[in-house]
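Architecture at a glance
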Amino acid sequence: MYAIELKNLTKQYGAERGIIDVNIAIEQGEIFGFIGPNGAGKSTTIRTLLGLIKPTSGSATIFGKNSVQHPEVRKEVGYLPSEVFYYDNMRVVDLLKYSASFYKKDCNKRIQELAKVLDLDLKKKINDLSFGNKKKVGIVQGLLHEPKLIILDEPTSGLDPLMQQRFFELIEAENKKGATVFFSSHILSEVQRLCDRVAFIKKGKIIQLERMSVLKEHSYKRVVIETKTDVDKDVFALDGVSDLKQAGNSVSFIYKGNINVITEKLAQLELINLSVEDPDLEEIFLHYYEKEG
Ligand SMILES: Nc1ncnc2c1ncn2[C@@H]1O[C@H](COP(=O)(O)OP(=O)(O)OP(=O)(O)O)[C@@H](O)[C@H]1O
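Residues numbered from 1 in each chain as written. Predicted model: local features only at pLDDT ≥ 70, side-chain atom pairs only at ≥ 80, totals over all residues.

1. What to know about the domain arrangement of the protein chain
Assigned domains within the protein chain: domain 1 (4-216) and domain 2 (218-292). Spacing between the C-alpha centres of domain 1 and domain 2 amounts to 36 Å. (Domains from an automatic or database assignment.)

Spelled out as structure tokens, the structure:
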């Protein structure tokens, strides 16, 4: 049985496109990344899966159950929405205890542990917290009952790099204990290090779904050069070159293939500067898989 199964899931907001025929099956124990630019349909997919909005057609199940017909399945889920709204006058600890009361489980120890890891002051009023600290409250809320499925919508926005790191360690630890993780992001680098598989959504449609290990095997490079004199753009109009940009004496492109082909071309130029870097997956997706969408 899949932890999450989306079959031809479609949501139209009136005439507006939400998501179209989304098909994803996530195995139990997986960490699955859901990537796409703003407005692509990530939140719509997640909210439809959770039964917070009704699909136009298709189906979505959590551990084999539709969460509208079987609301009890939501107890197995920890959900961090992309935007968190709170009763501002409450203290953090009271809000978290209130959240915990839904699960009929003593979550106090876990709340303390999570607050410590995330450096969250439980005694403060929600009102007095910064955006990042409010996000931490959402994270604790999503994890306090040790759910079997963790669904996170843009979890790291607002967290500083140290907290992002701690957050990822927390997620990895939960996954090691058996939790399945489904998280959306528009930042591929953060998904890159954590996920087993990743789906890329664009304009409401899944344009690629791939194992991270496969994606990493393709050695894509971002090449940026500066030369002494202007370069003819056509020099790099080769198979495997994408996103080719040229302005005066600088050229930039993404390359997939035998790197010696490029070094031979470079050897013919008088370079001032050269950088060869790993592009992030977003660039890869946008320039190679877009056509397949
Ligand atoms: N309540 C709504 N009414 C009308 N259109 C909506 C509604 N909610 C979302 N949409 C539209 O559906 C599409 C997908 O939006 P969604 O919020 O799911 O994207 P997203 O990938 O989560 O984006 P972001 O990264 O900006 O949060 C967008 O075109 C958006 O304008």
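2. Some words on the sheet that holds strand β2 (residues 16-26)
Strand order in the open sheet formed by 3 strands is β2-β1-β4, and the pairing between neighbours is antiparallel. The strands lining the two open edges of the sheet, one partner per strand, are β2 and β4 (57-62). Pairwise comparison of adjacent strand axes, ignoring direction, gives a mean angle of 20 degrees for this sheet. Pairing between strand β1 (residues 4-13) and β4: 5 bridges, direction antiparallel. What sits directly across from L6, in β4, is A60. On the sheet, helix α1 (residues 42-49) packs against β1, β2 and β4 and is oriented at approximately 115 degrees with respect to β1. (Pairing = 2+ DSSP bridges. Helix = DSSP H or I, 4+ residues; strand = E, 2+ residues; numbered from the N terminus. Axes fitted to C-alpha atoms, helices over the stretch in contact; angles between N-to-C directions. Contact = placed C-beta atoms within 7 Å.)

3. Re the nonpolar core
Ranked by size, the top nonpolar core spans 54 residues in total, and within it I4, V140, I150, I151, V181 and F182 carry the most contacts. Those residues within four positions of I150 in sequence are excluded, and the remaining contacts are G78, G142, L143, I171, E174, A179 and V181. Counting residues in hydrophobic clusters, the runner-up holds 8 residues, among them I225, F236, V251 and I262. (Core = buried A, V, L, I, M, F, W, Y, C linked by C-beta atoms within 7 Å. Buried ≥ 20, exposed ≤ 12 C-beta atoms within 10 Å, placed from the backbone.)

4. Some details on the packing of helix α3 (residues 108-118) against helix α4 (residues 131-143)
The contact between α3 and α4 brings their axes to 10 Å, and the two run at 145 degrees. Both α3 and α4 take part in a crossing whose hand is right-handed. Contact residues: α3 offers I111, L114, A115 and L118, while α4 offers K136, I139, V140 and L143. (Left-handed = near helix turned anticlockwise from the far one by under 90°.)

5. Side note on unusual backbone geometry
Notably, N8 is not glycine yet its phi reads approximately 45 degrees, a positive angle. Its place among the elements puts N8 in strand β1. The phi torsion at D119 lies on the positive side, around 55 degrees, for a residue other than glycine. Mapped onto the elements, D119 comes out in the loop between α3 and α4. A count of 11 C-beta atoms within 10 Å places D119 in the exposed class.

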